[in-house]
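# Residue-level structure breakdown
Chain by chain, the residues run as shown.
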Amino acid sequence: MNEAVALPDALTMPLSDIDVSDPRLLEQDAWRPFFARLRKEDPVHFQAASNFGPFWSITRFDDIVAVDSDHEAFSSEPIIFIGDQTEDTKLQSFINMDPPRHDVQRRAVQPVVAPQNLAVMERLIRSRVVDIMENLPTGETFDWVEHVSINLTTQMLATLFDFPFERRSKLTYWSDIAVGTPEISGGQVTHEERLAGLQECLAEFTQLWHQRKEVEGGFDLISLLQRDPETADLVDRPLEYLGNLILLIVGGNDTTRNSASGGVLALNKHPGEYDKLRANPGLIPSMVSEIIRWQTPLAHMRRTATRDLEFRGKQIRKGDKVVMWYLSGNYDDTVIEEADKFIIDRKNPRKHVSFGFGIHRCMGNRLAEMQLRILWEEIMQRFRFVEVMDEPERVQSNFVRGYKTLPVRLHPL
Amino acid sequence: MPKITLIEYNGTSHTIDAEPGISLMQNAIDNSVPGIDADCGGACACGTCHVFVEADWLPATGEVDAMEEAMLGMRPDRTDASRLSCQIDVTGELDGLIVRLPEFQM
């Protein structure tokens, strides 16, 4: 991909040339007309040539639900992003496994986000959010991504793993490199950097596993894996241990982080909605769902066809990559009214595809919603306006829809 | 119309006049019963319309198919009485049905 070449005009270019895997679409926030045209003219779209090989794009809301629900025809193996992993780092985790292996591994870690545990976590999260809020600079411009979004989600991750708190920035680093290479998502992380980072991650967590063995009754993710008979020996299967770690790190990091930034941006771009929020902070839970839709922090999930099949009149072949563009589904205005607008009191705000559907539906969805709810409750206690001072810098990727920076200035109550 | 009772986790009881021919989930939503999210709108794809059917009533609510089984299988609070209410079609035979709602949908 040549950086110097401008993006083509989505509305006039030949349909067959539309390649929504181009990571500049998200980086330049230019994706809307490309997906809008596909949804209208070619909702199940075949792209014969791309940097990630040939692939199908599923762009409509209902078709995404259908593909996501059919895990027999559309396998999550070998991997769930559009690019393939290289031979030396083929991570295995339950997000890229089909039943029955998927089921036993997911069941092992699910209790960490079960309702009883979330109730305990709520107090902890709130105290940390308060701490972050009270140490933010006022009267000057600063980066919301670094000071709030990354800070908040990294602290949460360290707690979930009971990872050494002072070393927690490593978790963010591993999360960023794990899905950031050109081959995987069109990102800018080199293959060598990813490999070295993953090895470091595995080494640290292997040490942590053995230390944790000495402790009884912990309720962190590592203790849960050790207690479940199906995963008690996971440390002896390094690519599977590492894979599940990366899954939980990325799942708990990029997603909430970018929604924590996206909400600020959305309210700034829709000042009428910010007024609604000031008038009625009771709208926060509904707004949180709307932020998760509007942001769509993971733009796609990929499946692989297990057999030849016909889908909406198209012939999909066994082995074909089938990419569900969650970002497109969430802006499908035949299903979501005025989908381009951010509306914090929508009638049915939970109706979005950001968490996916079917057996791979996001496991941490309630934790994510809780973190964002607490964040906004505490923001509204203190600040009349979190003002965005300049356009954000966005991540170059076709997988993570995120922000590198978001300059803001706080206006206290 | 069959009368169906849904009992929230906190004990609050809602008896609704259910409309036959549509799902229990849709009936609950139409009658504004809290505690059922139904994020996917009834596609058996999200698991957020989970209910516990009173034991005597289980056979009358029909069979659990493979997809529903897969979705229920992910819930830590799943019991033998667990069903997804979007997969229970309301008929006259369900007059008097009682279901309990879980503490949380997830």
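Here is a short report on the structure shown in this document. (Residues numbered from 1 in each chain as written. Chains lettered and ligands numbered in written order. Predicted model: local features only at pLDDT ≥ 70, side-chain atom pairs only at ≥ 80, totals over all residues. Heavy atoms only, no water.)

For the rest of this paragraph, the subject is unusual backbone geometry. Residue and element names in this part refer to chain A. Here the amide bond leading from Glu77 into Pro78 is cis, since omega sits at 0°, within 30 degrees of zero. With respect to the helices and strands, Pro78 occurs in the loop between strand E3 (74-75) and helix H4 (101-109). Residues Pro99 and Pro100 are joined by a peptide bond in cis, for which omega reads 5°. A positive phi angle is found at Thr296, which is not glycine, with a value near 45°. Relative to the elements of secondary structure, Thr296 occurs in the loop between helix H13 (284-295) and strand E5 (300-305). Phi is positive for Glu338, close to 45°, though the residue is something other than glycine. Relative to the helices and strands, Glu338 is located in the loop between helix H14 (326-329) and helix H15 (365-382). With a relative accessible area of 42%, Glu338 lands in the partly exposed category. (Helix = DSSP H or I, 4+ residues; strand = E, 2+ residues; numbered from the N terminus. Buried < 20%, exposed > 50% of the residue type's maximum accessible area, 1.4 Å probe, protein only.)

With that settled, consider helix H3 (residues 61-69) of chain A. Burial within H3(A) is extensive, with seven of its nine residues counted as buried. Here H3(A) has its buried residues at Phe61(A), Asp63(A), Ile64(A), Val65(A), Val67(A), Asp68(A) and Ser69(A).

All names here are of chain A. Taken in spatial order, the three strands of this open sheet run E4-E12-E9, and their pairing is antiparallel. Of all strands in the sheet, those bounded by a partner on one side alone are strand E4 (142-143) and strand E9 (383-388). As defined by bridge partners, E9 adjoins strand E12 (residues 407-412) across five bridges and the pair is classed as antiparallel. Bridging across to E12, Val388 finds its partner in Val408. Seen against the sheet, helix H11 (residues 238-269) touches E9 and E12 and runs at an angle of roughly 90° to E9. (Pairing = 2+ DSSP bridges. Contact = heavy atoms within 4.5 Å. Axes fitted to C-alpha atoms, helices over the stretch in contact; angles between N-to-C directions.)

A few words on the interface of chain B and chain A. The figure often quoted for interface size is the accessible area lost as the parts come together. At the junction of the two partners, chain B supplies 16 residues and chain A supplies 18 residues. Between chain B and chain A, a total of about 1,500 Å² is buried, with carbon and sulfur atoms accounting for 62% of that surface. Of all residues in chain B, the largest losses of buried area upon contact with chain A belong to Asp39(B), Met74(B) and Met106(B), amounting jointly to 41% of the total for that side. There are four salt bridges connecting chain B and chain A. Applying the counting rule to chain B against chain A returns six residue pairs in polar contact (both at pLDDT 80 or more). Grouping the constituent residues of the side of chain B that touches chain A by class yields 11 nonpolar, three polar and two charged. (Buried area = accessible area lost by both parts, 1.4 Å probe. Salt bridge = Lys/Arg side-chain N within 4 Å of Asp/Glu carboxyl O. Polar contact = N/O pair within 3.5 Å; in protein donor to acceptor, adjacent residues only side chain to side chain. Nonpolar A, V, L, I, M, F, W, Y, C, P; charged D, E, K, R; others polar.)

Interpretation in functional terms is not warranted from these geometric data alone.
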